[in-house]
Amino acid sequence: DVSSPKHGKVDPDNMPHVGGNTWAGGTGGRDTAGLGGKGGPYRLDAGHRVYQISQAEKDAVPEEVKRAAREMGEKAFKQRLKEIRMSEYDATTYERFSGAVRRQVQSLRIILDNLQ
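In this text, all values refer to a predicted model and were calculated from it rather than measured experimentally.

A. Inspection of the overall build of the chain at higher detail. Per the secondary structure count, the chain includes three helices and two strands. Sequence-ordered secondary structure for the chain, helices as α and strands as β, is β-β-α-α-α. For the chain, the spread of C-alpha atoms along the three principal axes comes to 45 × 35 × 30 Å. Partitioning the intrachain contacts of the chain with sequence separation of at least 6 by distance along the chain shows that 36% fall at a separation of at least 24. Put simply, the chain shows about 8600 Å² of open surface, and 53% of that area lies on carbon and sulfur atoms.

What follows is the structure, given as structure tokens:
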């Protein structure tokens, strides 16, 4: 069961973590920032293979936990904007321009990686 969202512990060795309720950047778990799980406050990719839980499990998360996770995610987003000296307007504008060229940038990254 989910209880309350949190960032989670950071693994200094960046080992892959699947399931559970401990590690930030894990996959398929609960309550912590990561990918493919449920009840976490925001997505956090540590670069590992993603294990996805079912949509039914995600839908079963209590509304108060979803609300707390959204609030924590919004707070983290605003803190990050503050750290990089960017306003919410700047972030919206950046996302609009970035989104328009996202596929082309991804293609260029693949080409450059292959050339390396």
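After that view of the structure, there is still more to cover.
B. Spotlight on the side chain of Asp 11. Position of Asp 11 relative to the elements: it lies in the segment before strand E1 (26-27). Although buried, Asp 11 forms no salt bridge, and the nearest oppositely charged side chain, Lys 9, lies 10 Å from it. Within the local environment of Asp 11, its side chain forms a polar contact with the backbone nitrogen of Asp 13, the two atoms lying 2.8 Å apart. At a separation of 3.3 Å, a polar atom in the side chain of Asp 11 contacts the main-chain amide nitrogen of Met 15. If we skip the residues at most four places from it in the chain, Asp 11 touches His 17 and Trp 23.

C. Just the pattern of salt bridges, in detail. Per the counting criterion, the structure on display carries seven salt bridges. A salt bridge links Glu 57 to Lys 38; the nearest nitrogen and oxygen atoms lie 3.7 Å apart. A residue pair is termed long-range when its members are at least 10 positions apart, and Glu 57 in helix H1 (residues 55-59) and Lys 38 in the loop between strand E2 (34-35) and H1 qualify at 19 residues. Between Glu 83 and Arg 80 there is a salt bridge, with the nearest N and O atoms lying 3.2 Å from each other. Of this pair, Glu 83 and Arg 80 both sit in helix H2 (residues 63-83), three residues apart, which is roughly one turn of that helix. When its relative accessible area of 46% is taken as the criterion, Arg 80 is described as partly exposed. Through salt bridges that share partners, Glu 74, Lys 78 and Glu 88 make up one connected network.

D. Molecular detail of the domain arrangement of the chain. If you check the domain split of the chain, you get domain 1 (1-85) and domain 2 (87-115). Its C-alpha centre places domain 1 at a distance of 24 Å from the equivalent point of domain 2.

E. Unusual backbone geometry, seen in detail. You will see that Asp 31, though not glycine, has its phi angle at about 70 degrees, which is positive. Phi at Arg 85 takes a positive value of approximately 55 degrees, unusual for a residue other than glycine. Assignment of secondary structure puts Arg 85 in the loop between H2 and helix H3 (88-115).

Definitions and limits used
Residues numbered from 1 in each chain as written. Predicted model: local features only at pLDDT ≥ 70, side-chain atom pairs only at ≥ 80, totals over all residues. Heavy atoms only, no water. Helix = DSSP H or I, 4+ residues; strand = E, 2+ residues; numbered from the N terminus. Contact = heavy atoms within 4.5 Å. Areas by Shrake-Rupley, 256 points an atom, 1.4 Å probe, with all protein chains shown as cover. Buried < 20%, exposed > 50% of the residue type's maximum accessible area, 1.4 Å probe, protein only. Lys, Arg positive; Asp, Glu negative; His and termini not counted. Salt bridge = Lys/Arg side-chain N within 4 Å of Asp/Glu carboxyl O. Polar contact = N/O pair within 3.5 Å; in protein donor to acceptor, adjacent residues only side chain to side chain. Domains from an automatic or database assignment.

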